[in-house]
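Chain residues, written in single-letter form:
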Amino acid sequence: MSERLLPHVDEDSRPFFEAALRGELRIPRCTATGRFVFPPRALSPFAPRAPLEWVTVSGRGTLWSFVVPHPPLLPWFAERAPYAVVAVALDEDPRVRLVGNVVAREDGPIEEVDPGTLRIGARVRVCFERVNDAIALPRWLLA
Amino acid sequence: MLGLMLKDRAAIVGIGETDFAKRLEPSEKRLACEAILAALDDAGIAPCEVDGFASYTMETTDEVEIAKNLGAGDVTFFSQVGYGGGAGPATVGQLAMAIATGQCRVGVAWRSRKRGSGGRPWAGAQQQSASATWTRPHGLLRPVDEIAMLTRRYMHEFGATRDHLANVALAVRGMANRNPKAMMHDRPLTREEYMRARWISEPLCLFDNCLETDGALACVLVGAERARDCRRPPAWVHAFGQGLPAQMHTMVNYWCDDPLRGPAWTCADQLYRHSEIGPAEIAVAQLYDAFSPLVLLSLEGYRFCGRGEGAAFSEKGALEAGGRLPVNTSGGGLSEAYVHGFNLINEGVRQVRGTSPNQVPGAEACLVTGGEGVPTSAVILRR
């Protein structure tokens with residue numbers, strides 16, 4: 001079995017993945033302007049030195065775009081291709097576009113949903129796959 | 001006032017390149033030296049006169065190695081520009097600035113790459129950037145996947161179709177078919193073949209992707225007085241811009257306000273700010289084409305048409321020889337060679353010299369751009 005690619009969890013992204021392990025989708029927000037900031041980082045780009053606060057969001061959004069990769073790919077993905085990778089615009093701020101996979105169930109394979117059935121604008125909701133004790137990945141169910 | 005200082009103060013007076021092939025035997029270092037020496041020969045300038053260098057951060061051979069193999073003199077300016085295909089025109093622009101401000105007198109820019117026979121950069125399992133954490137674990141692995149995400153959104157928002165992408169691929173292939181140096185010189189491409197081609201990352205097929213090439217290119221810049229005495233007509237660096245827009249992420253630019261308004265827009269603002277030549281005066285362009293949709297986005301960013309109008313602009317053969325705006329007239333990255341866009345620079349020089357394999361009659365100026373999708377750069381070269 002080839003190796004799966006996992007996120008690199010650092011001080012900026014740790015709260016995201018800790019929340020994901022609890023089944024929560026949390027996104028940082030600028031404490032000065034109230035604007036969401038993604039990907040997570042140390043400071044708000046919208047107000048000098050303003051700290052970020054982590055906010056639990058609804059986990060609902062729409063498909064902003066998607067691609068269907070075909071080999072050559074890294075082995076773990078080549079074994080599953082073709083599969084769809086989507087970008088989901090969150091309801092709370094559609095400029096936060098989370099990249100992920102649409103799945104039929106939270107621990108389902110990434111190739112299970114036929115990419116031909118996907119449409120931009122489709123409604124989705126988040127679920128989480130626990131990959132190991134430290135990492136859970138957000139994934140998307142058609143709503 | 002920098003624009004006034006830069007405008008037409010330096011010129012490209014020599015270009016050189018190796019053969020282009022899927023596999024060449026010499027090392028990247030030897031290919032680099034071969035291309036640079038050819039460019040110096042073209043300019044009629046001795047290697048010992050070179051005192052400035054500019055290249056890409058991704059270049060494997062540094063200035064020290066190049067200088068000692070060429071027999072360069074004392075070097076007083078050297079810079080490297082980041083972000084792969086975004087860097088090409090900036091190597092020329094930064095040398096022009098260095099020459100205009102007296103930091104060097106004879107500058108060499110180059111790129112040497114064995115991407116044809118070497119490995120695919122994305123194939124390493126290592127995360128390559130902070131952004132990768134948010135994309136690669138889900139199978140968005142390669143540059144083509146990252147650009148395909150923007151492409152499908154572009155098609156959705158503006159009614160673009162695969163026919164528009166094919167307009168780019170076929171126009172550029174036609175150029176290559178008339179350029180004996182192009183890797184695809186003997187390989188015509190029809191719209192039917194394009195539509196039947198295998199997918200790489202839907203909605204992008206094989207022919208939306210650049211070639212995999214071994215090869216190297218270089219050019220030589222000097223200041224105004226010297227340029228007038230060189231044996232080739234100078235290609236003046238009329239204007240230069242770089243662009244890294246607010247809140248941009250390189251390649252995966254999905255988290256800004258408008259991902260379809262990419263770095264070309266920022267770069268173009270700077271480029272045209274000090275230019276006497278605007279899009280209306282540009283009759284030929286070399287638009288970075290690692291992927292065909294980047295050409296449509298660049299047509300918009302560099303203001304040949306409005307936002308969302310790049311696809312429609314490509315219709316009726318507009319990008320082909322004899323069209324409204326012939327692009328990538330040596331075959332570009334899609335069909336001549338993919339060496340991080342440096343072949344677009346040398347072809348821009350040939351257009352203003354009047355020696356292109358697809359010469360646009362009377363071309364006074366040529367736009368050359370770096371990669372849309374990464375922090376980028378552009379120059380306007382003029383006769």
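In what follows, the structure referred to is the one given above.
Since the model is a prediction, treat every value here as computed from it, not as a measurement.

K.L.:
Tell me about the overall build of chain A, and please be specific about residues and values.
P.N.:
Counting secondary structure elements, chain A contains two helices and seven strands. Helices and strands appear in chain A in the N-to-C order α-β-β-β-α-β-β-β-β. Over its C-alpha trace chain A gives a radius of gyration of 16 Å, about what one expects of a compact globule, namely 15 Å for 143 residues. Its C-alpha atoms give chain A principal-axis dimensions of roughly 45 × 30 × 25 Å. Every one of the 143 residues in chain A was classed for burial, and the buried ones make up 36%. A separation threshold of at least 6 residues defines the contact pool for chain A, and within that pool the share at least 24 residues apart is 49%.

K.L.:
Outline the overall build of chain B, listing residues and values.
P.N.:
Summing up its helical and strand segments, chain B has 13 helices and 11 strands in all. Relative to the 2.2 N^0.38 estimate, which gives 21 Å for 383 residues, the radius of gyration of chain B is 19 Å and therefore close to what a compact globule would have. Its C-alpha atoms give chain B principal-axis dimensions of about 55 × 45 × 45 Å. The 383 residues of chain B split such that 61% are buried. The contacts in chain B between residues at least 6 apart in sequence include a share of 77% that link residues at least 24 apart.

K.L.:
Before we move on, can you summarise helix α2 (residues 28–43) of chain B with the specific residues and values?
P.N.:
All names here are of chain B. Here α2 is 16 residues long and its end C-alpha atoms lie 23 Å apart, about the 22 Å a rise of 1.5 Å per residue gives. If you check which residues of α2 are buried, you get Glu28, Leu31, Ala32, Cys33, Glu34, Ala35, Ile36, Ala39, Leu40, Asp42 and Ala43. Elements in contact with the buried residues of α2: β1 (10–17), α3 (63–70), β4 (106–114) and β7 (214–223). A positive backbone phi angle near 75 degrees is found at glycine 44, which sits one or two residues after α2.

K.L.:
Summarise helix α10 (residues 292–301) of chain B; cite the residues concerned and give the values.
P.N.:
Residues and elements named next belong to chain B. The buried fraction of α10 amounts to 10 of the 10 residues, a majority that puts the element mostly inside the structure. All of the buried residues in α10 are Ser292, Pro293, Leu294, Val295, Leu296, Leu297, Ser298, Leu299, Glu300 and Gly301. Turning to α10, the residues buried within the fold contact α5 (143–158), α6 (162–177), α9 (263–273), α11 (310–313), α12 (332–336) and β10 (365–369). Within two residues after α10, arginine 303 carries a phi angle of roughly 70 degrees, on the positive side.

K.L.:
Give me the pairing of strand β7 (residues 136–142) of chain A: which residues, what numbers.
P.N.:
All names here are of chain A. Bridge count between strand β6 (residues 123–130) and β7: seven bridges; the pairing is antiparallel. Looking at the pairing, phenylalanine 128 lines up with proline 138 of β7. What sits between β6 and β7 in their antiparallel hairpin is a turn of five residues.

K.L.:
Talk me through the pairing of strand β4 (residues 85–90) of chain A; I want residue IDs and the actual numbers.
P.N.:
All names here are of chain A. Burial runs high along β4: six of the six residues are buried. Where strand β3 (residues 60–69) meets β4, six bridges bridge the pair, whose relative direction is antiparallel. In the sheet register, serine 65 faces β4, and the bridge partner there is alanine 87. Looking at chain direction, β4 and strand β5 (residues 97–100) are connected through four bridges and run antiparallel. Each residue of the ladder has a partner; that of alanine 89, found in β5, is arginine 97. What sits between the antiparallel neighbours β4 and β5 is a turn of six residues.

K.L.:
Now, about the interface of chain B and chain A: what can you tell me, with residues and values included?
P.N.:
The interface of chain B with chain A comprises 28 residues on the first partner and 31 residues on the second. Taken together, the elements giving at least two residues each to the side of chain B that touches chain A come down to α5 and β5 (199–202) of chain B. Considering every element that reaches the side of chain B that touches chain A, the biggest residue donor is α5(B), with six residues. Residue composition of the side of chain B that touches chain A, grouped by class: 13 nonpolar, nine polar and six charged.

K.L.:
Provide a residue-level description of the nonpolar core, including the pertinent values.
P.N.:
All names here are of chain B. Core analysis: the biggest nonpolar cluster contains 161 residues, and Ile12, Cys219, Val220, Leu221 and Leu381 have the highest contact counts within it. Take this core: its biggest share by element is nine residues, from α6. In contact with cysteine 219, not counting residues within four places along its chain, are Ile12, Gly14, Ile15, Ala39, Val92, Ala109, Ile345, Asn346 and Val349.

K.L.:
Go over the sheet that holds strand β8 (residues 235–243) of chain B with me, naming the residues and quoting the values.
P.N.:
Residue and element names in this part refer to chain B. Strand order in this open sheet of nine strands is β3-β2-β4-β7-β1-β8-β11-β10-β9, and the pairing throughout is mixed. Each edge of the sheet is formed by a strand with only one pairing partner; in this case those strands are β3 (77–81) and β9 (284–286). Pairwise comparison of adjacent strand axes, ignoring direction, gives a mean angle of 25 degrees for this sheet. Helix-sheet contacts for helix α13 (residues 342–353) involve β1, β4, β7, β8, β9, β10 and β11 (376–382), and the interaxial angle to β10 is about 175 degrees.

K.L.:
With reference to specific residues and values, describe the environment of Pro375(B).
P.N.:
Residue and element names in this part refer to chain B. Here proline 375 lies in the loop between β10 and β11. For proline 375, a count of 22 C-beta atoms within 10 Å gives the class buried. Sequence spacing of proline 375 and glycine 159 is 216 residues, and the spatial spacing of their C-alpha atoms is 27 Å. Setting aside chain neighbours within four positions, we find proline 375 in contact with Gly82, Tyr83, Gly86, Gly243, Leu244, Met248, Thr250 and Pro263.

K.L.:
Let's hear about the packing of α2(B) against α3(B): which residues, and what values?
P.N.:
All names here are of chain B. Where α2 contacts α3, the axes come no closer than 10 Å and their chain directions differ by 60 degrees. Between α2 and α3, the angle falls in the class oblique. The chirality of how α2 crosses α3 is right-handed. Seen from α2, the contacting residues are Lys29, Ala32, Cys33, Ile36 and Leu37; seen from α3, they are Glu65, Ile66, Asn69 and Leu70. Of the residues in the contact of α2 with α3, the class split is six nonpolar, one polar and two charged.

The rules behind the values
Position numbers for residues count from 1 along each chain, tracking the sequence in the order it is written. Both sets of labels track the order of writing: A upward for chains, 1 upward for ligands. Two thresholds apply to this predicted model, a pLDDT of at least 70 for residue-level local features and 80 or more for giving and counting side-chain atom pairs, whereas whole-chain, interface and lining totals are computed over all residues. A run of DSSP states H or I qualifies as a helix once it reaches four residues; a run of E qualifies as a strand once it reaches two. Both are numbered from the N-terminal end. Radius of gyration here is computed from C-alpha atoms only, and the compact-globule reference equals 2.2 Å multiplied by the residue count raised to the power 0.38. Buried residues are those with 20 or more other C-beta atoms within 10 Å of their own C-beta, exposed residues have 12 or fewer, and partly exposed residues lie in between; C-beta atoms are placed from the backbone. Placing a C-beta atom from the backbone of each residue, one calls two residues in contact when those atoms lie within 7 Å. To estimate how far a helix should reach, multiply one less than its number of residues by 1.5 Å. We call two strands paired when DSSP finds no fewer than two bridges between them. Polar here means any residue outside two lists: the nonpolar Ala, Val, Leu, Ile, Met, Phe, Trp, Tyr, Cys and Pro, and the charged Asp, Glu, Lys and Arg; Gly therefore counts as polar. By definition, a nonpolar core groups buried Ala, Val, Leu, Ile, Met, Phe, Trp, Tyr and Cys residues that are joined through C-beta atoms within 7 Å. To get an axis, fit a line to the C-alpha atoms, keeping to the stretch in contact for a helix; angles then go from 0 to 180 degrees between the N-to-C directions. Working definition: roughly parallel below 35 degrees, roughly antiparallel above 145 degrees, roughly perpendicular at 65 to 115 degrees, and oblique for all remaining angles. When the near helix sits turned anticlockwise from the far one by under a right angle, the crossing is termed left-handed; a clockwise turn instead gives a right-handed crossing.

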